[in-house]
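# Per-entry structural report
Residue strings, one per chain:
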Amino acid sequence: MEELRTTFHSLARKVPERDRADFLEFMNQVGQTASLEGGKKKDVSMARAQDEPEIKKEYARLKRQFKRIEEEELMFHAQGYEDYSFGYWDSDWVYEYEDPDRIGEIYEDAARFVERCINDGFCQTGLKVFDLMTDTEVWASDGGDSFELGLEEMIDEKLLSIDADSLKKSVLYGVYQNTPFQNRPQVFFDYVTRHFFRDVKIEDVLSMGREELPDSSGFMEGWIAFLTEHPGEVAGKFLCMCSAAGLLLRRQRREMEDQ
């Protein structure tokens, strides 16, 4: 400590007098950074406590809106016609939609809320809203006829402006963080076998979230063991990916060691 103090004193003497105030302010900021790191967990806990009432309020609002959709109180209006763009003998029946009840906004709000919840540590709430998004079918009325649209169909029809890839990564990150280690492979498998996640790649799993996933190496071992006990096309696909993921992990470790 004494040697460090002497070194800083010597540095300060070498700084021109006109710049000394800036130098001292810089050193003061360096000292404060250490204190901030020490109190980081406390700050995160306080921020979470402050956000919780707002999270609960927005969750309740979205839940009410999805209930209205489920009860057919909110609907799309559709008008179907034959499309002869590819020739008379190759017509296709297509629909044009109107959204007077602003259902698209409800889903877009929900997608943003899911990502916010998972980024801010409210994973369970975020996953509940995601389940509302995927489990709720929206009715579209075409005069006397009606039919249902799911989340993926609404995205394909451009009725929603949602970044599906970003939503997938956020949800999988939330599943990983919200599930105890011993149950993680089963719960993770339950999600990635949903049709919405049909094109998910192992790289997406490894790069989820803003920071490295805890116990990732242990999870990969348990994940491989789980897949080998569950024969099938999906499990086989992920087993093939695991070999590539192992190569990626080893390369990342070498890069970290080099740094």
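Everything below is about the structure printed above this text.
Conventions used here
Residues numbered from 1 in each chain as written. Predicted model: local features only at pLDDT ≥ 70, side-chain atom pairs only at ≥ 80, totals over all residues. Heavy atoms only, no water. Helix = DSSP H or I, 4+ residues; strand = E, 2+ residues; numbered from the N terminus. Buried < 20%, exposed > 50% of the residue type's maximum accessible area, 1.4 Å probe, protein only. Contact = heavy atoms within 4.5 Å. Areas by Shrake-Rupley, 256 points an atom, 1.4 Å probe, with all protein chains shown as cover. Phe/Tyr/Trp six-rings, centres within 6.5 Å; stacked < 30°, edge-to-face > 60°. Core = buried A, V, L, I, M, F, W, Y, C linked by side-chain atoms within 4.5 Å. Salt bridge = Lys/Arg side-chain N within 4 Å of Asp/Glu carboxyl O. Pairing = 2+ DSSP bridges. Axes fitted to C-alpha atoms, helices over the stretch in contact; angles between N-to-C directions. Parallel < 35°, antiparallel > 145°, perpendicular 65-115°, else oblique. Left-handed = near helix turned anticlockwise from the far one by under 90°.

On to the overall build of the protein. The helix and strand tally for the protein stands at eleven helices and four strands. Every one of the 259 residues in the protein was classed for burial, and the buried ones make up 32%. Restricting the contact set of the protein to residue pairs at least 6 apart, pairs at least 24 apart contribute 65%. When the accessible surface of the protein is split by element, carbon and sulfur atoms take 49% of a total near 17,000 Å².

Attention now moves to the environment of Phe-189. By secondary structure assignment, the location of Phe-189 is in helix α8 (residues 184-192). Residue Phe-189 is classed as buried on the basis of its relative accessible area, which comes to 14%. In this structure the C-alpha to C-alpha distance between Phe-189 and Trp-223, which are 34 residues apart in sequence, comes to 8.8 Å. Phe-189 has contacts with Trp-223, Phe-226, Leu-227, Val-234 and Ala-235, leaving out every residue within four places of it along the chain.

Considering all chains together, one arrives at 16 aromatic pairs under this definition. The interplanar angle of 70 degrees and the centroid separation of 5.3 Å between the aromatic rings of Phe-188 and Phe-219 together place this pair among those described as edge-to-face. A residue pair is termed long-range when its members are at least 10 positions apart, and Phe-188 in helix α8 and Phe-219 in helix α10 (residues 216-228) qualify at 31 residues. By relative accessible area, which is 1% here, Phe-188 ends up buried. An angle of 85 degrees between the planes, with centres 5.5 Å apart, marks the rings of Phe-188 and Trp-223 as edge-to-face. Of the two residues, Phe-188 is situated in helix α8 and Trp-223 in helix α10; the sequence distance between them amounts to 35 residues.

Moving on: the nonpolar core. Formed by 56 residues in total, the largest nonpolar core has its most connected members in Phe-76, Tyr-107, Met-133, Val-171 and Trp-223. A total of nine residues in this core trace back to one element, the largest contributor, which is helix α4 (residues 103-119). Val-171 has contacts with Val-114, Ile-118, Leu-127, Phe-130, Tyr-191 and Phe-197, leaving out every residue within four places of it along the chain.

A word on the pattern of salt bridges. Within the structure shown, the criterion is met by 13 salt bridges. Across the pair Glu-58 and Arg-61 runs a salt bridge whose closest N-O atoms are separated by 2.8 Å. Pair noted here: Glu-58 and Arg-61 are both in helix α3 (residues 40-70), with a separation of three residues, about one helical turn. Note that Lys-168 is salt-bridged to Asp-199, the shortest N-O span being 2.6 Å. Of this pair, Lys-168 sits in helix α7 (residues 164-178) while Asp-199 sits in the loop between α8 and α9 (202-206); the two residues are 31 residues apart in sequence, bridging distant segments of the chain. Owing to a relative accessible area of 40%, Asp-199 belongs among the partly exposed residues under this scheme.

The next subject is the pairing of strand β3 (residues 138-142). Looking at chain direction, β3 and strand β4 (residues 145-149) are connected through five bridges and run antiparallel. Bridging from a neighbouring strand, Ala-140 pairs with Phe-147 of β4. The loop that links β3 with its antiparallel partner β4 comprises two residues; one of these, Gly-143, has a positive phi angle of about 70 degrees.

α8 packs onto α7 with a crossing angle of 160 degrees between their chain directions and a minimal axis gap of 9 Å. By the criterion of interaxial angle, the relationship of α7 to α8 is roughly antiparallel. Helix-helix and strand crossings are classified by hand; for α7 and α8 the assignment is right-handed. Listed contacts from α8 to Val-171, Leu-172, Val-175 and Tyr-176 of α7 are Arg-184, Val-187, Phe-188, Tyr-191 and Val-192.

Next up on the list: the side chain of Ser-141. Along the chain, Ser-141 turns up in strand β3. For Ser-141, a relative accessible area of 19% translates into the label buried.

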